Amino acid sequence: MLDCGPVVVAVVLFVLLMPGLLFQVPGRSRCLEFGNFQTSGASILVHSLLYFGLICLFLLAIKGETSNHAEYIMADWGPVVMAVVLFVLLSPGLLFQLPGRSRVVEFGNMQTSAVSIFVHTIIFFGLITIFLIAIGVHIYSG
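Bear in mind the structure is a predicted one, so any value in this text is a computation, not a measurement.

Draft legend 1. Examining the overall build of the protein chain more closely. From N to C terminus, the protein chain includes four helices and four strands. The helix and strand sequence of the protein chain, counted from the amino end, reads α-β-β-α-α-β-β-α. Its C-alpha atoms give the protein chain principal-axis dimensions of roughly 55 × 30 × 20 Å. Taking all 142 residues of the protein chain together, the buried fraction comes to 36%. Considering only contacts in the protein chain between residues 6 or more positions apart, those separated by 24 or more positions represent 58%. With an accessible surface of roughly 7900 Å², the protein chain has 73% of that area assigned to carbon and sulfur atoms.

Printed below as a string of structure tokens:
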């Protein structure tokens, strides 16, 4: 059976925790800024840590609690690792921004826009679907 839950959770968190869209921690001039469409290396690091914590909570902790198995279940870290790596690499403005403000592609400009977040979300959705559903990346611990 096809399990699309990790993909949906990863994409929703990708949009909600994108630095500069809803909020940015730390901001450029304050500790917390809302909707400024700016980003920085520090804010991508903080948002990546938040993303890691929430994706672990949703994919590992809740999945383990809702399981009907009485025996010990090994945790599958594949979706978590792939989602966090793609979150960092596809954060608009860190490596690239597609579309840029003045060009089609801008590299390392540390800015974002609603259109670039939408485009990066589509790319994220495509890659996370390929890695988790088509290829089936699994990393087990235990």
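The discussion continues.
Draft legend 2. Representation of the packing of helix 3 (residues 78–89) against helix 4 (residues 114–135) within the structure. Two numbers describe how helix 3 lies on helix 4: the axes approach to 10 Å, and their chain directions differ by 155°. Classified by the angle their axes make, helix 3 and helix 4 are roughly antiparallel. Between helix 3 and helix 4 lies a crossing of right-handed hand. Of the residues in helix 4, those in contact with Gly-78, Pro-79, Met-82, Ala-83, Leu-86 and Phe-87 of helix 3 are Phe-124, Leu-127, Ile-128, Phe-131 and Leu-132. Taken together, the residues that form the contact of helix 3 with helix 4 break down as 10 nonpolar, one polar and no charged.

Draft legend 3. Up close: the nonpolar core. Among the nonpolar cores identified, the biggest contains 25 residues, and Ala-10, Phe-14, Tyr-51, Ile-55, Val-80, Phe-124 and Ile-128 are the most heavily contacted of them. At the level of elements, helix 1 (5–16), helix 2 (41–65), helix 3 and helix 4 are the ones that each hand at least two residues to this core. Residues contacting Ala-10, with those up to four places away along its chain left out, are Tyr-51, Ile-55, Ala-83, Phe-124 and Ile-128.

Draft legend 4. Structural view of the packing of helix 1 against helix 4. Axis separation between helix 1 and helix 4 bottoms out at 10 Å; the angle between their running directions is 155°. Taken together, the axis directions place helix 1 and helix 4 in an arrangement best described as roughly antiparallel. Along this stretch, helix 1 crosses helix 4, giving a crossing that reads as right-handed. Judged by residue contacts, Pro-6, Val-7, Ala-10, Val-11, Phe-14 and Val-15 of helix 1 engage His-120, Thr-121, Phe-124, Phe-125, Ile-128, Thr-129, Leu-132 and Ile-133 from helix 4. Tallied by class, residues from the contact of helix 1 with helix 4 come to 11 nonpolar, three polar and no charged.

Cut-offs and rules
Residues numbered from 1 in each chain as written. Predicted model: local features only at pLDDT ≥ 70, side-chain atom pairs only at ≥ 80, totals over all residues. Heavy atoms only, no water. Helix = DSSP H or I, 4+ residues; strand = E, 2+ residues; numbered from the N terminus. Buried < 20%, exposed > 50% of the residue type's maximum accessible area, 1.4 Å probe, protein only. Contact = heavy atoms within 4.5 Å. Areas by Shrake-Rupley, 256 points an atom, 1.4 Å probe, with all protein chains shown as cover. Axes fitted to C-alpha atoms, helices over the stretch in contact; angles between N-to-C directions. Parallel < 35°, antiparallel > 145°, perpendicular 65-115°, else oblique. Left-handed = near helix turned anticlockwise from the far one by under 90°. Nonpolar A, V, L, I, M, F, W, Y, C, P; charged D, E, K, R; others polar. Core = buried A, V, L, I, M, F, W, Y, C linked by side-chain atoms within 4.5 Å.

Nothing here speaks to function; it is geometry throughout.
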